[in-house]
Amino acid sequence: METIPRLHPDTIKDVEDRVDIVEVVSEQVVLKKKGKDYLGLCPFHDEKTPSFTVSPTKQMYYCFGCNAGGGAIKFLMEVGQQSFAQAVLSLANRYQVPVKTLAPEQRQELQRQLSLREQLYEILAVAASFYQHALRQPDGAEALDYVVQQRQLSEATIQEFGLGYAPANWESLHRYLVEVKRYSVLIVEQAGLIRKRKKGEGYYDYFRNRLMIPIWDAQGRVIGFGSRTLTGEEPKYLNSPETELFDKGNTLYALDRAKKTISKQDQAIVVEGYFDAIALHTAGFNQAVASLGTALSESQLKQLSRYTPSKQIVLNFDADTAGTKATQRAIKEVETLVYSGQIQLRVLNLPGGKDADEFLQSGADAVAQYQHQLDTAPLWLDWQIAQVLTDRDLGQADQFEQAAGQMVQLLNRIEDPKRRTYYTKVCAEHLSQGDAQLTRRYSEDLLGQLRSPKRKRFQQRVSSEQNLLAKAEELLLLIYIHCPHQRQTIIEELENRDLLFSLSHHRFLWQHILRLDPEGTDRDLVTKLEALSMDYSEEIKAVSNLLYLDGPRRQHIERSGLIVRAAIASLERVTCAKNRAYCLAQWQSLDPSTDPEQHAYYLNEFYQLHSKLQELDKQRSISLIDLVGQETV
């Protein structure tokens, strides 16, 4: 793990002053405005009724279900499994806050880490200009003819979207960037533009003889490229490899151009291809974005939801079998948000199975027709019901039963009682094929098969395992406060293992400890923590007993080294157990016949984490239970 220098308190304060917590949280949580605050589903526990609030005035979040709360730094630490320093550094980079460290000799290394991303942005921008220039050269004639003749793009559109051409030569871009522009070959490689040869020495261009499409982040900076073959070779479309800047599963093409219109029109259109998005923008549908050849992810939809107040997102995928499956996958990714009504998802399938680009070139009134199709696009559940009925003869008993069974499955997942009642009638009308008497009968039959809506209440059940975890956290805080010689060890162990405190009052105390004692050397830490009670009386009350030493606590101080090791093992076990559960769930969801590599990967990860859990249990059982006994810290 790369070591991050100790950050200066001024940097931490500047980050806290400049950060926008709504912007940070909305990358992970779909938020809806409610009065002055925002409301969404808590990312820290399972819930179907939103209880997670974000206050822009207080720059705080709080969940009334699980009591998680804090500021932007704390949110990144918990939801992203980042250390305190990593979270601060991430926000400093995002909000362009100058970074100062406590050790002057470390500043150069930190600036090197920060400047790497800036160098990558610069190199990718230069590469985009290189490709655009190459499109106008004789070797780029075929690529230029393709976009002008086949895609019918104007000169203005070609320039607006920065389309270019990667020469067929194996080292054209490599020579230009390394030999002419004098960029480091290692940095160019990290940008995903060249690759090291497997045999012999040297590098070769990643993209060759391809139409190039630059991909921008939401701020309008080039982070990678998409490309299309001009020779029929596979793959037809090729994206940049994953880099420090480019993650195709978290990137949406043309979002930088679309976000203002999405906010203005309160709607986002998602298509599958680059040229579909370009065609829609050219036709005036500037709220369009495209996925990058992968299944639309929850992360991508959450990005979109930041810009549309009513969370209205229209999926305009192809109407063929592959497009239908892609739509189903997208709904599966965000089904919790969709079924609970957090996102208003609509599905637009164009007539004739056309994609957006083909449809907009189909006639003089194509733009008006697309607008009509957009205005009448069905909600996701209406589309799902239509899919259930597709190619089914309801006059056949077996097909009728299959359709009714699938409808019951859909209806059972709707949480809102009114919406469930409405769609029960809709399904009954489809099954009855317009017969009013049968509609009433089928409605009753469907309602009889539905489970009662679950009103889920989050209840925190404290098990013996949780008691032991709480005890471990208390001991770590106690030792940190009263044993200055153990502070650096505790900080390093928590950061190196990416560990967090699980109980809200412990997290509160730890956050303020880091602010008050960033170097871990303050002898007056207890006095400063006591002073917090003036501003945070309720929060400090829950941990005030840790500020004082009695007989049993003095014994813990004498055995501080042993307790720290056992307590760290207890905290690490929680993270390890969560990761093991995730791998098991992923393994169970995969089909080994269609995705054998991923299936084997998650099974292997599960076994490794299981072995690690057993090792951590041994470390804990050796000392912690005996050390703590039944006493109360």
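That block above? That's the structure.
Residues numbered from 1 in each chain as written. Predicted model: local features only at pLDDT ≥ 70, side-chain atom pairs only at ≥ 80, totals over all residues. Heavy atoms only, no water.

Engineer: Give a detailed account of the pattern of salt bridges, specifying residues and quantitative values.
Structural biologist: As enumerated under the stated definition, the model contains 17 salt bridges in all. Ionic pairing is found between aspartate 17 and lysine 13, a salt bridge with its closest N-O pair at 3.0 Å. Linking aspartate 17 with lysine 13, this pair stays in helix H1 (residues 9-18), spanning four residues, or about one helical turn. Between arginine 497 and glutamate 572 there is a salt bridge whose closest N-O contact spans 2.4 Å. Highlighted residues: arginine 497 in the loop between helix H22 (484-496) and helix H23 (504-516) and glutamate 572 in helix H27 (residues 560-589), separated in sequence by 75 residues. Since its relative accessible area comes to 7%, glutamate 572 is described here as buried. Linked through salt bridges whose partners overlap, the residues forming this network are Glu23, Glu27, Arg94 and Arg306. (Salt bridge = Lys/Arg side-chain N within 4 Å of Asp/Glu carboxyl O. Helix = DSSP H or I, 4+ residues; strand = E, 2+ residues; numbered from the N terminus. Buried < 20%, exposed > 50% of the residue type's maximum accessible area, 1.4 Å probe, protein only.)

Engineer: Residue-level account of unusual backbone geometry, with values.
Structural biologist: Of the consecutive residues glutamate 234 and proline 235, the connecting peptide bond is found in the cis state with omega at -5°. Its place among the elements puts proline 235 in the loop between strand S10 (222-229) and strand S11 (237-239). At alanine 254, a residue that is not glycine, the phi angle is positive and equals roughly 75°. Mapped onto the fold, alanine 254 is located in the loop between S11 and helix H10 (255-265). Alanine 254 sits in the buried class, given a relative accessible area of 1%. For glutamine 433, which is not a glycine, the phi torsion comes out positive at approximately 55°. Among the structural elements, glutamine 433 can be located in the loop between helix H19 (417-432) and helix H20 (436-449). On the basis of relative accessibility, which here comes to 61%, the residue glutamine 433 falls in the exposed class.

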